[in-house]
Amino acid sequence: MQCEVDPNMSIKATTHATWYGAPGPLFCGPKSEYPFVGFWDHSYWCDDKWANPPKACDVYPGQKSGQYDNSAPVPSRGGRTDVEGCCWWGRGVIQTTGICNFGKLNYYIGKRAADEGRASKYPDIDFCKTPDAICASTQYPELKWIAGFFYWMKDVQEYNQGGWYYMRELHKFVNGGMTDSKFIDAISGIVNRGCHNPPCKTGPVDGGQDRRSNFQSVLSAFGLPSGKADPNANLPEIPPPVSVPVSKNAKSNLLQAFMDRLARHRAVLEKNLFVFRSLDGSFVPSTLYSYDTFIDAFSNAYKKLYVGPQGQRRRDQSNDEEWHPPLISSHESVVEQSGNGQHRQLQYNRGPGNNLDLRYGLVNLAAFLAQAQVESIINDSCDETHHDKVDGVFPTSNSCGQYGLSYQDMACPSSEQRYQCPVNDQMATVATHSGKYANSLYEFRPHFYCGASQKKTGSFDPISLMSMKGSFANRAGRTDVKGCCFWGRGAIMTKGTCMLGKLNFFLGAGAPNGRSTLYPDIDFCSGNICSKVDANPTLVWDIGLFEWTERIQAYNDGYFDYKKALIDFVDGDFTDGRFINTVSRIVTLGSANADGEVVNAGAKWSSFNKLLSYLDLKASNKKYRWEGPERTSNGGTAWHRLEQFWCVFAGAGMLVMYNML
């Protein structure tokens, strides 16, 4: 657990005493830089303006006298005449000192904890390589206190040596009226010399009388002591000393490490992601999509809903079908262990240097959140809203499908049709949470609805705010809303009879044989979904995460393999825009090679790019290629065909200009 001593480490103390003639800051460095060191000469007058030439103090700001005299080696009490590897002097409120204590800090709350997959308060600080961070960090000024509190909890409160047990002696001191100086003397010995009964081979306590006086002053400030009782009343038992071996391959909690990483970016995510556009165009915190509800839903999806080989959950007890949990590392698995009942333990493969690499999971998360921000968060909506205009107006039959899609015909493959929602022409429902933007003063958007009426449906003009009666078709030709109750819901607007049916089977009221589910009272095939969100604040996220893990994360059509593309994107330094553009096509149109318009593709690309920066995965100014999916044998996607068109158009234009010249 202790830090390794690096003979090449070179550090100068950040802070030090500044009284008149105070010695300069402590420092360490290799013998190649400091072959030997001498002493601090208090008597040297460095601030002499009348000298010829004038002399000035330059060791530290505010210095009035003294200088380092390194003209000859001067040994310390321990006999050292060099400072190689001597970087472990005390830091913080009670001067945390030594390779053991700095190693403990790194192991429990520093970079080593993060690297080994454990929760870490300061995952970016390696206390073994930068021990001066305790005093030098401007980002974490509390470290001066944290280092002291940590040492106090680990080495003082748990002290139990030579018949002296801290907790027992604390009880005796309090019960005895808090007047006996033996208690504070023993503590001072532990802090300053490592034992409760100094000199313990290192000498007497430094400043013992001052420590006693300070202790009594603090007690007085707290209004203590207040009385006296039997010093031996209700004393805790002295526990036997325990030596706990620490394994080099400590077991990791991958999910906790992932959550801790997200927590570091909470402020920037709450400011830039979990907000919607208000009536005046400003951005305010979303009422449906918050950081806390997302974390709850993500944890729920990962820990409670999913178990089984490779992190999968047994979904259908009749045929053992399974699906994957949210991907949070490039290589992860869950293995079954025996004992008193069966349980699962998360394991994973580490990257170079035995470090836990969460970048793949963070990119996976960024891809999901980029879709969610554009699809739902920006509107603060659970129900899908009108986006597709035909001749400048919104067809009422958009509830049947927008941009040429027919949601009730988005059926499951034959092997999964048992999950699919039935289309009921008599069903009638109205969207309840279409978002704040749907009610915007500058472009009102009416709620979707479906019903059994035989009447033809018209349209809505967002400019005149008038509903137009008669027969007006959406892009797919529909002029009615019979059976059109399967519009998008949740974070990424999960839609269609197949996906909503799967939600109902695995998470809702449609589970067979009374199997317990997350939402046993919600029938996802009934259309009455978003009305439940007020009582179930994670519902919007649960719907989206279910589709993401079921359909997007597991996508592999032989041409585009989501997981492989994700790994290639990360390994390619986060610059290939084809990854997110292809994902957006799959989310919107159902497949990587589907023809049709990817609505708000640019906004999703932009959101994804910003999220990578927010999560410290790439520099905000890094060049990022905007490209569509790769070509296929049938001529490529609509995006590439458009790309080819513009290449030909540009070439022809250049030829015309050349001829004109």
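So, how was this worked out
- Residue positions are counted from 1 within each chain, in the order its sequence is given.
- In keeping with the model being predicted, local features are shown solely for residues with a pLDDT of at least 70 and side-chain atom pairs are shown and tallied solely at 80 or more, while totals for entire chains, interfaces and linings include all residues.
- With hydrogens and water stripped out, all remaining heavy atoms of the structure feed into the side-chain values.
- Angular values range over 0 to 180 degrees, each being the angle between N-to-C directions of two axes fitted as lines to C-alpha atoms, with helices fitted over their stretch in contact.
- Secondary structure follows DSSP: runs of H or I at least 4 residues long count as helices, runs of E at least 2 residues long count as strands, and numbering of each begins at the N terminus.
- An angle below 35 degrees is read as roughly parallel, one above 145 as roughly antiparallel, one from 65 to 115 as roughly perpendicular, and any other as oblique.
- Note on convention: the crossing is left-handed when the near helix lies turned anticlockwise from the far helix by less than a right angle, right-handed when the turn is clockwise.
- By the convention used here, residues are in contact when the closest approach between their heavy atoms is within 4.5 Å.
- Under the convention adopted here, Pro, Cys and the residues Ala, Val, Leu, Ile, Met, Phe, Trp and Tyr are nonpolar, Asp, Glu, Lys and Arg are charged, and Gly plus all remaining residues are polar.
- Counted as salt bridges are all cases of a side-chain nitrogen of Lys or Arg within 4 Å of a carboxyl oxygen of Asp or Glu.
- A residue's pLDDT is the confidence the predictor assigns to it, expressed on a 0 to 100 scale.
- Stacked, edge-to-face and tilted are the three classes for Phe, Tyr and Trp ring pairs, Trp counted by its six-membered ring, which pair at centre distances within 6.5 Å; planes under 30 degrees apart are stacked, over 60 edge-to-face, the rest tilted.
- Charge-over-ring contacts are defined here by two conditions on Lys NZ or Arg CZ: a distance within 6 Å of the ring centre and an angle within 35 degrees of the ring normal.

1. With respect to the packing of helix α11 (residues 359-375) against helix α15 (residues 578-589)
Axis angle and axis distance: for two packed helices, these are the angle between their axes and the distance between the axes, and together they describe the pair. Relative to each other, α11 and α15 sit at 55 degrees, their axes nearing to 11 Å. Comparing the axis directions of α11 and α15 gives the class oblique. Here α11 runs over α15; the crossing is right-handed. Along the contact surface, α11 presents Val363, Ala367, Gln371 and Glu375, while α15 presents Phe579, Ile580, Val583, Ser584, Val587 and Thr588. Partitioning the contact of α11 with α15 into residue classes produces six nonpolar, three polar and one charged.

2. Focus: the packing of helix α1 (residues 98-109) against helix α4 (residues 143-156)
One way to put it is that α1 packs onto α4 with a least axis distance of 11 Å and a crossing angle of 100 degrees. On the basis of their axis angle, the class for α1 and α4 is roughly perpendicular. Of the residues in α4, those in contact with Asn101, Lys104, Leu105, Tyr108 and Ile109 of α1 are Ile146, Ala147, Phe150, Tyr151, Lys154 and Asp155. Per-class residue counts for the contact of α1 with α4 are seven nonpolar, one polar and three charged.

3. Things to note about the pattern of salt bridges
This model, assessed by the stated rule, comprises 19 salt bridges. Between Asp388 and Arg475 there is a salt bridge, with the nearest N and O atoms lying 2.5 Å from each other. With Asp388 in the loop between α11 and β13 (394-395) and Arg475 in the loop between β17 (466-468) and α12 (496-506), the pair connects residues that are 87 residues apart, well separated along the chain. In this structure, Lys502 engages Glu550 in a salt bridge whose closest nitrogen and oxygen atoms are separated by 2.9 Å.

4. Focus on the confidence of the model for the protein chain
Averaged over all residues, the pLDDT of the protein chain equals 80, while 79% of them reach at least 70. Ranking the elements of the protein chain by mean pLDDT puts strand β12 (residues 343-348) last with 31 and β13 first with 95. Counting interchain partners and residues more than four positions distant, the pLDDT-below-50 stretch residues 330-355 has 54 contacts. Confidence over residues 438-442 falls short of pLDDT 50; this stretch has 13 contacts with residues more than four positions distant or in other chains.

5. Side note on the packing of aromatic side chains
Under the definition given, this model contains 37 aromatic pairs. In this structure, Arg118 is placed above the aromatic ring of Tyr107, and the distance from its NZ or CZ to the ring centre is 4.0 Å. Above the face of the Tyr360 ring, Arg359 is positioned so that its terminal group lies 5.6 Å from the ring centre.

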